[in-house]
Amino acid sequence: MPRGYFFITIILLTLYTQVAWGGNTYQYKLVGVNGLIAKNITEYLGSTDDNTDYARYQIEQKADNSLPKIQNALKAFGYYKATIKHSLTAKDTNNNNTHWTALFDITLGKPVTLSTMHLSIPTEHLPFFVKPIKQYGFKPGDIFHSGQYEHLKKDLLNTALSNGFFDVKFTQSKVAIDWPTQTATIDMNLSLGSRYQLGDVQFDVGALNPDLFTRLLKFKPGTPYTAKHIAELHDALLNSQYFDNIHINAEPNAAINHIIPVTVIGTPRKKHQFSFGVGYATDTGARGSVRWDNRWLNQSGANWHGSLGLSLNNQHAELGYVQPIEHWLSDELDWSVAWSFEETDALESEITALKLSTKKQRWDHWHERLFISLQQNKYIDLESVDDNQTETTDLILLGGQWQTTKANSLTNTSRGHFLSLTVQGGSEWLGSDVSLLQAQVSAKWVHRLNKRTRLLLRSDFGSTLTDDFDRLPASLRFFAGGDTSVRGYDLDELGPEDDDGDVLGGQYLIVGSAELDYEFYPQWKVAAFFDIGNAINTLSDPLARGLGVGFRWESPIGAVRIDFAKALDQDEDFRLHLRFGPDL
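### Observations regarding the sheet that holds strand S8 (residues 197-204)
Where strands meet in a sheet, backbone hydrogen bonds hold them as pairs that are either parallel or antiparallel. Read across the sheet, 3 strands follow the order S8-S10-S9 without closing on themselves; strand pairing throughout is mixed. Of all strands in the sheet, those with a lone pairing partner are S8 and strand S9 (243-249), marking the two edges. Across this sheet, the average inter-strand angle for adjacent strands is 20 degrees, counted without regard to direction. In this structure, S9 lies alongside strand S10 (residues 259-268), joined through 6 bridges in antiparallel fashion. When the bridges of S10 are listed, Ile248 appears paired with Val264. Sheet contacts for helix H7 (residues 227-238): S8, S9 and S10; angle to S9, the most-contacted strand, approximately 160 degrees.

### A closer look at the pairing of strand S25 (residues 558-567)
In terms of strand pairing, strand S24 (residues 544-555) meets S25 through 10 bridges, oriented antiparallel. Paired with Phe551 across the bridge in S25 is Ile562. Connecting the antiparallel pair S24 and S25 is a turn made up of 2 residues. Looking at chain direction, S25 and strand S26 (residues 575-581) are connected through 7 bridges and run antiparallel. Considered in S26, the bridge of Arg561 is made with Arg579.

### With respect to the sheet that holds strand S7 (residues 183-191)
Within the open sheet, the 3 strands sit side by side as S5-S7-S6. Their pairing is mixed. Among the strands making up the open sheet, the edge pair consists of strand S5 (113-120) and strand S6 (169-178). Taking each pair of neighbouring strands and ignoring which way they run, the sheet shows an average axis angle of 10 degrees.

### Describing the pattern of salt bridges
Inspection of the entire model under this criterion finds 21 salt bridges. One salt bridge in this structure joins Glu60 and Arg56, with 3.0 Å as the shortest N-O distance. Of this pair, Glu60 and Arg56 both sit in helix H3 (residues 56-75), 4 residues apart, which is roughly one turn of that helix. For Glu60, a relative accessible area of 33% gives the class partly exposed. The residue Glu332 makes a salt bridge to Lys359 at a minimum N-O spacing of 3.7 Å.

Here is what the cut-offs are and how they apply
- Residues numbered from 1 in each chain as written.
- Predicted model: local features only at pLDDT ≥ 70, side-chain atom pairs only at ≥ 80, totals over all residues.
- Heavy atoms only, no water.
- Pairing = 2+ DSSP bridges.
- Helix = DSSP H or I, 4+ residues; strand = E, 2+ residues; numbered from the N terminus.
- Axes fitted to C-alpha atoms, helices over the stretch in contact; angles between N-to-C directions.
- Contact = heavy atoms within 4.5 Å.
- Salt bridge = Lys/Arg side-chain N within 4 Å of Asp/Glu carboxyl O.
- Buried < 20%, exposed > 50% of the residue type's maximum accessible area, 1.4 Å probe, protein only.

Take a look at the structure:
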């Protein structure tokens, strides 16, 4: 080829490539369908807008190739004979590019409906499959959804596998469509085979005693296999304080005579753990804490723990020894010695206590703690004429606490509740300086009203029965006011007062709160609230009211709350309340 012709050919090819490949963008539009059908087509075709540069022939291919995809998307909803008309239009844009639109005009026509459905499952095992069968609910006359049919098959197989039928298979799985009547007949036969059983469990847990963990087992050798048994064992071990990682081998391929051996491999955590915390609230000011845990003191699972907390007006320390009993993750015996010191404008209080408590899990999501506490309470009335006059009250208290928390999320709750009941008492017959019986009920409730709005309710009720209230230490009296009580008032500001106006604490507690918050930006909320309550000695005493607004930031580890509250029963300015923590 002469050199001149060669260069002319190269120039023409270059120009052709620029014309063919540059400046063409593509989008498609659907007419005649909406809702789930349109959404399904979009999932088949991809995004409606495509800013990729295409050649003209590529755009035509893209539109043509969309037709069978649309037909398949329609068949999933029972429309096997839909008609599709399509066209391509071009529009020049301001930047000299050409924007192409493919229009798909769809006429659905008559759908295929279900005539009959026959599903064969062994009768004795049918209860396992009620949920997936009801979920898809194929009935004569319903539009036949091939997508739901495939999902039903998958869920039936998964249900069988999760219940130990590892040889499951469909011996028949057929859909026959009668085109003249456009009706479908489903015929399925699920063969389950033998149900596998769980065998002996072997624990590989390092230096810990394997017998300690057999208490966690909710199944015995020979129990029919369920995935739930394995998941519960995995979660129980992982939620303990002993392991960083848990792996459970329960493979059906290793079964002998349909009995699956189970092996638990646990990677122990470090024996000692130190944790530190800092925080701030208007009630307490700046505060800090440190905790030490000796996670496994011996092979029986016993452990030591110690803690220290410091704030401006409150200090506390505790050292405890915990011994697992019975079901050791939820049942334990705890010996501890504790000390605390608190100072208010009118009172200094120091408590030294020796405690013995048991913890158990009761019913569904309830935690029970029974305790006996030997306390020495020392307090000094800072307003007393006699300087440094120390009053001492010795108490032997027996009691119990029952708590439950249930929520969709503990850090960002949209639905949930918390309920707590505490009952304790002491008697002079048993060595206490004062006879008393005290009960307190606390409740919280969170409910999402719509996508952005929540309602939060809170209440606290307490009552003390005693013939010698004046000898009760401040720790056993009720006070109200503060960040978690009646906002608009200072911490423990509300309650019966002496002649000098110092709050003495009350025999009864009544507190209620209602709050609405609105999410105006992801993780940011505004709130409005009304609080009412008081610590009182007679039920006819008036209740204090507080009203305010606030802001919320849903941080990854809990809500940060900033509230501006007005005390409606005092002539005071708005009070700032700052608090950090979960809603429940």
